[in-house]
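What follows is each chain in one-letter form.
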Amino acid sequence: MVIDYVKISVKAGDGGDGAVSFRREKYVAAGGPDGGDGGRGGSIYLKVDNNTSTLLDFKYKKKFKAEDGKRGEGARRIGKSGQNLYISVPKGTIVRDIDKDVVVADLSEEGQEFLIAKGGRGGRGNTHFATPTRQVPNFAEQGRKGAEKNLELELKMLADVGLVGFPNVGKSTLISMVSSAKPKIANYHFTTLDPALGVVSPKTGEPFVMADIPGIIEGASDGVGLGIQFLKHVERTRLLLHVLDVAGSEGRNPVEDFNKINDELKNYSQILASKKQIIVANKMDIANDETLINEVEELCKKQNLKLFKISAATREGIDELIEYVAQELKTIPKEDIVEIDEMYGIEDEIVDQEWNIQTEYRKDGLYYIITGAPIERLMSKVNVFDIESRQYMQKVLKQIGVMDKLKEMGIQEGDFIEIEGYQLEYSE
């Protein structure tokens, strides 16, 4: 069974809290602060694993959590960092951030790694907060939370050539004749329920990968049958072999089939519809109706399409087709059709430096409420029950322009500032 689309959630490890500690030695009256920093939380990486060919493992496990960093200790001992977590994915996995609705990674190279969730930074111990006027800081910094992401993983086959066409036109027989792929073959619709890959070795030119795409039918682009699932697999191919049954063995017209399939490709993706196609007129060994063959020839002339007449069952014309395909692939560069959000993850680093980003202000009666990620991080360092810690908070709020912003909003003596659930009375 091929599982090629899953949703998972990942949570990087939280950073360990900094320690509040003071040196205590027998003959040292005031040893000073010596609280160590917390360890960094473990990050989560997605890694291409060639031993994995489907996303089946994610059917049973959908939540992943990296190890938290350990708390700092006295004597400036730094807490142990959490271990990074590596999640194996098959080659050809596309990664999308559900919440931000952007594609963030195209994992198509052997051994490729991608940092998807960064571990939280460890909090600083009270050693860092000692100043000439604050020699006994009774507070430390809490560790930062690790990143959380909701992701979609989608597997797209990495094939050079895709076989498209209605069910039972001979695609499975063709790929079985030209490669080591052994798809199940029988005379009924939707025999191939999973795409099959086969390596084709032409007499001249480089070997290439051919994909037998399961039968696409009318309405596939709207989700009829398993259409959308199979159309996704065609996207990454460089060249399409459009297989037609010129024997009319299913009672259908091959030219009508051609138009219907191309309508589905166009409805699904303009990129897909613009891919070069070679027409493969199959079942020539049993084609008794010259009218159908003539219609296909006329179609190819009108649309300037290369036509090969073959019989997959008897190998008639197959060698010529494969040699031509190998030469054509030399002229078609490999393209990356996935548009990656290059700015993904950078905003987290920007917020560390620019406090005004993501900081929100609103007024509710006498209360001026301040929220946002930068404020949350500031408050994670503060012990509101310690006077020196509160003084540190007020100093930072002034430095980063929060107090100036509140004055612009009209704050008056006796009004209240609410920060992360704590209320402070404002005074000049």
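Whatever comes next refers back to the structure up there.
Structural notes, computed from the coordinates. (Residues numbered from 1 in each chain as written. Predicted model: local features only at pLDDT ≥ 70, side-chain atom pairs only at ≥ 80, totals over all residues. Heavy atoms only, no water.)

### So, the overall build of the chain
Thinking step 1. Scanning the chain from terminus to terminus reveals 10 helices and 18 strands.
Thinking step 2. By residue count, 49% of the 428 residues in the chain fall in the buried class.
Thinking step 3. Nonlocal contacts in the chain, meaning residues at least 24 apart in sequence, comprise 71% of its contacts between residues at least 6 apart.
Thinking step 4. Total accessible area computed for the chain in this model is approximately 22100 Å², and 47% of it derives from carbon and sulfur atoms. (Helix = DSSP H or I, 4+ residues; strand = E, 2+ residues; numbered from the N terminus. Buried < 20%, exposed > 50% of the residue type's maximum accessible area, 1.4 Å probe, protein only. Contact = heavy atoms within 4.5 Å. Areas by Shrake-Rupley, 256 points an atom, 1.4 Å probe, with all protein chains shown as cover.)

### Brief notes about the sheet that holds strand 4 (residues 85-89)
Thinking step 1. Reading across the sheet, the 3 strands line up as 4-2-7 and stay open at both edges, with mixed pairing between neighbours. Looking at strand neighbours, the two that pair on one side only are strand 4 and strand 7 (113-117), the edges of this open sheet. When strand polarity is set aside, the average angle formed by the axes of neighbouring strands in this sheet is 30°.
Thinking step 2. Examined bridge by bridge, strand 2 (residues 44-48) and strand 7 share 4 bridges and lie antiparallel to one another. Bridging from a neighbouring strand, Leu-46 pairs with Phe-114 of strand 7. (Pairing = 2+ DSSP bridges. Axes fitted to C-alpha atoms, helices over the stretch in contact; angles between N-to-C directions.)

### Concerning the nonpolar core
Thinking step 1. Membership of the largest hydrophobic core comes to 34 residues, with the highest contact counts inside it found for Val-161, Leu-174, Phe-208, Met-210, Leu-241 and Val-325.
Thinking step 2. When residues of this core are traced back to their parent elements, those giving at least two are strand 9 (161-164), helix 1 (171-178), strand 11 (208-212), strand 12 (239-245), helix 3 (254-268), strand 13 (276-282) and helix 6 (318-329).
Thinking step 3. Non-local contacts of Leu-174, meaning those with residues more than four positions away in its chain, are made with Leu-163, Val-243, Ile-310, Ala-312 and Ile-318.
Thinking step 4. Core analysis: the second largest hydrophobic core is formed by 24 residues, Ala-12, Leu-107, Ile-116 and Ala-147 among them. (Core = buried A, V, L, I, M, F, W, Y, C linked by side-chain atoms within 4.5 Å.)

### Section: the pattern of salt bridges
Thinking step 1. Taken as a whole and assessed by the stated rule, the structure comprises 15 salt bridges.
Thinking step 2. The partner of Arg-71 in a salt bridge is Asp-17, and the shortest N-O contact between them spans 3.6 Å. With Arg-71 in the loop between strand 3 (63-65) and strand 4 and Asp-17 in the loop between strand 1 (5-11) and strand 2, the pair connects residues that are 54 residues apart, well separated along the chain.
Thinking step 3. Residue Arg-71 is classed as partly exposed on the basis of its relative accessible area, which comes to 49%.
Thinking step 4. Notably, a salt bridge pairs Arg-96 with Asp-101, separated by 2.2 Å at the nearest N-O pair.
Thinking step 5. Under the relative-accessibility criterion, Asp-101 is labelled exposed at 51%.
Thinking step 6. Among the charged side chains, a salt-bridge network with shared partners connects Lys-11, Asp-14 and Lys-145. (Salt bridge = Lys/Arg side-chain N within 4 Å of Asp/Glu carboxyl O.)

### Side note on the pairing of strand 13
Thinking step 1. By the criterion of burial, strand 13 is predominantly enclosed, with 6 of the 7 residues buried.
Thinking step 2. With 7 bridges connecting them, strand 12 and strand 13 associate as parallel partners. Across the sheet, residue Asp-245 finds its bridge partner in strand 13, namely Asn-282.
Thinking step 3. Across 4 bridges, strand 13 lies against strand 14 (residues 306-309) in parallel orientation.

### So, the sheet that holds strand 17 (residues 416-419)
As a general point, the strands of a sheet are linked pairwise by backbone hydrogen bonds and lie either parallel or antiparallel.
Thinking step 1. In spatial order, the strands read 15-16-17-18; together these 4 strands make up an open sheet with mixed pairing. Only two strands of the sheet have a single neighbouring strand rather than two, namely strand 15 (360-364) and strand 18 (422-425). Pairwise comparison of adjacent strand axes, ignoring direction, gives a mean angle of 25° for this sheet.
Thinking step 2. Here strand 17 runs beside strand 18; their pairing, made up of 4 bridges, is antiparallel. Note that in strand 18 the partner of Glu-418 across the bridge is Gln-423.

### Regarding the side chain of Asp-160
Thinking step 1. Relative to the helices and strands, Asp-160 is located in the loop between strand 8 (148-155) and strand 9.
Thinking step 2. With residues near it in sequence (within four places) discarded, Asp-160 still touches Phe-208, Val-209, Thr-237, Arg-238, Leu-239, Leu-329 and Lys-334.

### Section: unusual backbone geometry
Thinking step 1. Of note, the phi angle at Lys-283 is positive, near 70°, even though the residue is not glycine.
Thinking step 2. Tracing the backbone shows Lys-283 in the loop between strand 13 and helix 5 (290-303).
Thinking step 3. Backbone geometry places Arg-315, a non-glycine residue, at a positive phi of 70°.
Thinking step 4. Topologically, Arg-315 is positioned in the loop between strand 14 and helix 6.
Thinking step 5. Classification of Arg-315 as partly exposed rests on a relative accessible area of 33%.

### What to know about a negative patch on the surface
Thinking step 1. A cluster of like negative charges, contributed by Glu-256, Asp-289, Glu-290 and Glu-295, occupies part of the molecular surface.
Thinking step 2. Position of Glu-295 relative to the elements: it lies in helix 5.
Thinking step 3. The exposure class of Glu-295 is partly exposed, given its relative accessible area of 32%. (Patch = residues over 30% accessible without salt bridge, like charges linked within 9 Å, V, L, I, M, F, W, Y side chains within 5 Å. Lys, Arg positive; Asp, Glu negative; His and termini not counted. Charge placed at Lys NZ, Arg CZ, Asp CG, Glu CD.)

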